[in-house]
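Residue-level structural notes
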2 protein chains.
Amino acid sequence: MGEQRAERADAARNRRAILRAAEELLRRHAPDEVSIERIAAAAGVGKGTVFHRFGSRVGLMRALMEERVRTFGEAVAGGPPPLGPGAPSRDRLVAFLDAVVVLAARNGRLITAHDHALATRRHAEGRLTENPVYLSWHAHVMSLVAEARPDLDADLVAHVLVGSLHNEGVARLLLAGETERVAAGMRAMAESLLR
Amino acid sequence: MGEQRAERADAARNRRAILRAAEELLRRHAPDEVSIERIAAAAGVGKGTVFHRFGSRVGLMRALMEERVRTFGEAVAGGPPPLGPGAPSRDRLVAFLDAVVVLAARNGRLITAHDHALATRRHAEGRLTENPVYLSWHAHVMSLVAEARPDLDADLVAHVLVGSLHNEGVARLLLAGETERVAAGMRAMAESLLR
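Reading the values: the criteria
- Residues numbered from 1 in each chain as written.
- Chains lettered and ligands numbered in written order.
- Predicted model: local features only at pLDDT ≥ 70, side-chain atom pairs only at ≥ 80, totals over all residues.
- Heavy atoms only, no water.
- Salt bridge = Lys/Arg side-chain N within 4 Å of Asp/Glu carboxyl O.
- Helix = DSSP H or I, 4+ residues; strand = E, 2+ residues; numbered from the N terminus.
- Buried < 20%, exposed > 50% of the residue type's maximum accessible area, 1.4 Å probe, protein only.
- Axes fitted to C-alpha atoms, helices over the stretch in contact; angles between N-to-C directions.
- Parallel < 35°, antiparallel > 145°, perpendicular 65-115°, else oblique.
- Contact = heavy atoms within 4.5 Å.
- Nonpolar A, V, L, I, M, F, W, Y, C, P; charged D, E, K, R; others polar.
- Polar contact = N/O pair within 3.5 Å; in protein donor to acceptor, adjacent residues only side chain to side chain.
- Arc of directions from axis to C-beta.

Chain A is annotated in an unreviewed UniProt entry as Helix-turn-helix transcriptional regulator from Microbispora triticiradicis.

A side chain with one charge can pair with a side chain of the opposite charge if their charged atoms come near. Throughout the structure, instances matching the rule amount to 24 salt bridges over all chains. Between Arg181 of chain A and Asp155 of chain B there is a salt bridge; the shortest N-O distance is 2.8 Å. Of this pair, Arg181 of chain A sits in helix α10 (residues 179-194) while Asp155 of chain B sits in helix α8 (residues 154-163), on two different chains. Taking the shortest distance from any N to any O, the salt bridge between Glu178 of chain B and Arg181 of chain B comes out at 3.5 Å. Judged by relative accessible area, which is 26%, Arg181 of chain B ranks as partly exposed.

Moving on, we come to the packing of helix α2 (residues 36-43) of chain A against helix α3 (residues 47-54) of chain A. Residues and elements named next belong to chain A. Orientation of α2 relative to α3, taken along the N-to-C sense of each, is 105 degrees, at an axis distance of 8 Å. In terms of orientation, α2 lies roughly perpendicular with respect to α3. Residues Ile36, Glu37 and Ala40 of α2 form the contact with α3, whose own contacting residues are Lys47, Val50 and Phe51. Here the residues of the contact of α2 with α3 sort into four nonpolar, no polar and two charged.

All right, on to the environment of His29 of chain B then. Residue and element names in this part refer to chain B. Mapped onto the secondary structure, His29 falls in the loop between α1 (2-28) and α2 (36-43). Since its relative accessible area comes to 22%, His29 is described here as partly exposed. For His29, the contacting residues outside a window of four places in its chain are Val34 and Arg38. A distance of 3.1 Å separates the side chain of His29 from the side chain of Arg38, its partner in a polar contact.

Trans peptide bonds make up most of the peptide bonds, and negative phi angles are found at most residues other than glycine. In this structure, the amide linkage connecting Pro81 of chain A to the following residue, Pro82 of chain A, adopts the cis form with an omega of 10 degrees. For Pro82 of chain A, the position within the fold is in the loop between α4 (57-78) and α5 (89-106).

Residue and element names in this part refer to chain B. Inspection of α2 places Ile36, Ile39, Ala40 and Ala43 among the buried residues, and these make up the whole buried set. The buried side chains of α2 occupy one side of the element, clustering within an arc of 100 degrees when seen end-on. Opposite the buried face of α2, at more than 90 degrees from it, the exposed residues are Ala41 and Ala42. In the core, the buried residues of α2 are packed alongside α1, α3 (47-54) and α4 (57-78). Positive phi shows up at Gly44, right after α2, with a value of about 70 degrees.

What follows is the structure, encoded as structure tokens:
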């Protein structure tokens, strides 16, 4: 029993070390340059351990993105204001857009790949496919817009704002490193909309 | 020579008759129900003539969409105000969004198919692909926003507004027939942004 627990603790520690190593490497290098070998070396584990924990490079990237999205969701739901509860809707919306633009910029390539997978499935199934992250962000923005501007169509405005992170033109600016500019522009739009 | 000219006139007349028949059928039926046979019958030509003029059903749909986009572009560039030149930027933007939402609603399935083709090419080429219609609409909206609100990032705002027609949530509303609602919501957003 003690041995099994030790093994599980070991597995969890390896998993965390691998995610942290991947995150650190991705901060400094293009995704194409971040191989499993480099991640394993930086985490101090064997390449086999990475595959054992995440299945594939894609699986590791997905786990990293899911972790970031989860951490972000926790900050929105229960973290300090203005991102978390307690600030006026308009301030919360601005804080949300700021944070989500940074998140999108850091995960640009992952998001593009994910969008493409969804678009392909949607095309194959002949219908629009739900993206759970999109839906939760949309619900949050919709509730803030509804509070601040009950006269607007909050559902539609939320689609326009959250959806803009997936749009070609904005994605192009984020991939070009214009994170600050996109964040400032989105902030100005949100302030104009909610004033 | 007279005979060749007559043939060319015949071809042009057939082309127009086929496009008008397709347009009329698509106004009243779902695209899946509009077969080449039906279009040919409604246009008073043989099925072979449709294939000869447009290559395939997809080719005919693309020609129809291109024709609509071209007509719309002419109205924006030189038609009567407020869609055309001569009205204040804010009125022109509202008129543009109204018209473009109707256009997107009428061409929803064509646009989805086109977006998917672009996304696939982009994924294959590992880069974002330019869509000429998107670029021309973006340039128009950008110039109107820049005139009305020089303090905003007109480039970004134009991406958010024009890109929203391609976004999942808005596409879903348009496919559900909520054209009026999308148009009203976009109008309210534009008015808030440009006031």
